Amino acid sequence: MAINICPVQDNSLNCVEMCVASVLLKYNRDYTLMFSDVWGAEFEQSVSLSEYVSLSEKLKLGRTGRIWELIEKFYGVKVSWINAHNINNLYDILYKQLELGIPIGLLTSGYFCPWSDAYQKYDIPHAFLVIGIDNNSNNLLCMDPYFSLDIKNIELNVIVDNVSEVFIFQILGDGKKILIGVMWQIWESKMYSRVRMVLILLVHYVNLLSSLAMNSILNGSLGNMNI
């Protein structure tokens, strides 16, 4: 029997992200905030508007690659990655996770996925969700949002022997309460004032560029303006 799940197909996401987004949606969680630090940039807090300082000088490199941390923080879902070579019995993990009614993600190669364009042609990393096991054939029932909205069927032995990593989902609590709590923390930390500062900087920068452009036009040297 297959777990009821609605696949998320989004051209801006890769195969792993589509799997994660689909699981989040199943538990009434959004997924957009898991990309909240995608630019990995932060503004310096102390900024002087009395002198010209380029926008780039106000930026500093922030933290990136926190997608799993952010999913847990904003949505109360923990995603744990396990190297398949460190798993003694992958069958047990599959069965236990499915008994809980939670899909489990497998990272393998498109070479072994019959529905993939890379099937028996190219060795390309690819991820999909296992949402059940066929009681008659003992095959895995899979959901692969990257390629299809339909449930796929694949032989258990074939795919298990060629899995490189497994990603497991753990539901930690009420997603809405967690998100409200995080928003309150952001408010108390006065992060809104930093957002306001960024907007002021942008307006100041645009106004400055407009002034430089106007002066350059008046002086007939627009082509030489250094922005």
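Residues numbered from 1 in each chain as written. Predicted model: local features only at pLDDT ≥ 70, side-chain atom pairs only at ≥ 80, totals over all residues. Heavy atoms only, no water.

Structural notes on the packing of helix H1 (residues 15–26) against helix H3 (residues 67–75)
Inference 1: For the pair H1 and H3, the least separation of the axes is 13 Å and the interaxial angle reads 10 degrees. Between H1 and H3, the interaxial angle falls into the category roughly parallel. The segment H1 lies against H3, with Val16, Glu17, Val20 and Leu24 engaging Ile67, Trp68, Ile71 and Tyr75. (Axes fitted to C-alpha atoms, helices over the stretch in contact; angles between N-to-C directions. Helix = DSSP H or I, 4+ residues; strand = E, 2+ residues; numbered from the N terminus. Parallel < 35°, antiparallel > 145°, perpendicular 65-115°, else oblique. Contact = heavy atoms within 4.5 Å.)

A closer look at the sheet that holds strand E5 (residues 125–133)
Inference 1: The sheet built from 6 strands is open, its strands ordered E3-E8-E4-E5-E6-E7 with antiparallel pairing. Looking at which strands have only one partner, the edges of the open sheet turn out to be strand E3 (77–83) and strand E7 (151–154). Across the sheet, the mean angle separating the axes of adjacent strands is 35 degrees when strand polarity is ignored.
Inference 2: Pairing of E3 with strand E8 (residues 165–171), which is carried by 7 bridges, proceeds in the antiparallel orientation. Across the sheet, asparagine 83 pairs through a bridge with glutamate 165, a residue of E8.
Inference 3: Against the sheet, H1 engages E3, E5 and E8, with an angle of about 30 degrees to E5. (Pairing = 2+ DSSP bridges.)

A look at H3
Inference 1: Here H3 has its buried residues at Ile67, Leu70, Ile71, Phe74 and Tyr75. All buried residues of H3 lie within an arc of 105 degrees about the axis, which places them on one face of the element.
Inference 2: The positive-phi residue at the C-terminal boundary of H3 is glycine 76, with phi of around 70 degrees. (Buried < 20%, exposed > 50% of the residue type's maximum accessible area, 1.4 Å probe, protein only. Arc of directions from axis to C-beta.)

Considering the environment of tyrosine 91
Inference 1: Following the sequence through the fold, tyrosine 91 ends up in helix H4 (residues 90–99).
Inference 2: Taking the relative accessible area as the measure of exposure, tyrosine 91 reaches 29% and is therefore partly exposed.
Inference 3: For the pair tyrosine 91 and asparagine 157, spaced 66 residues apart in sequence, the C-alpha separation works out to 9.7 Å.
Inference 4: Apart from residues no more than four positions distant in its own chain, tyrosine 91 is found in contact with Leu156, Asn157 and Val160.
Inference 5: Within polar-contact distance, the side chain of tyrosine 91 engages the side chain of asparagine 157 at 3.1 Å. (Polar contact = N/O pair within 3.5 Å; in protein donor to acceptor, adjacent residues only side chain to side chain.)

Brief notes about the pairing of strand E6 (residues 140–143)
Inference 1: Side chains Leu140 and Cys142 project from E6 onto one buried face, and the interleaved Leu141 and Met143 project onto a second face that is buried too.
Inference 2: Sheet analysis places E5 next to E6, joined by 4 bridges and oriented antiparallel. Looking at E6, one finds that isoleucine 133 is bridged to leucine 140.

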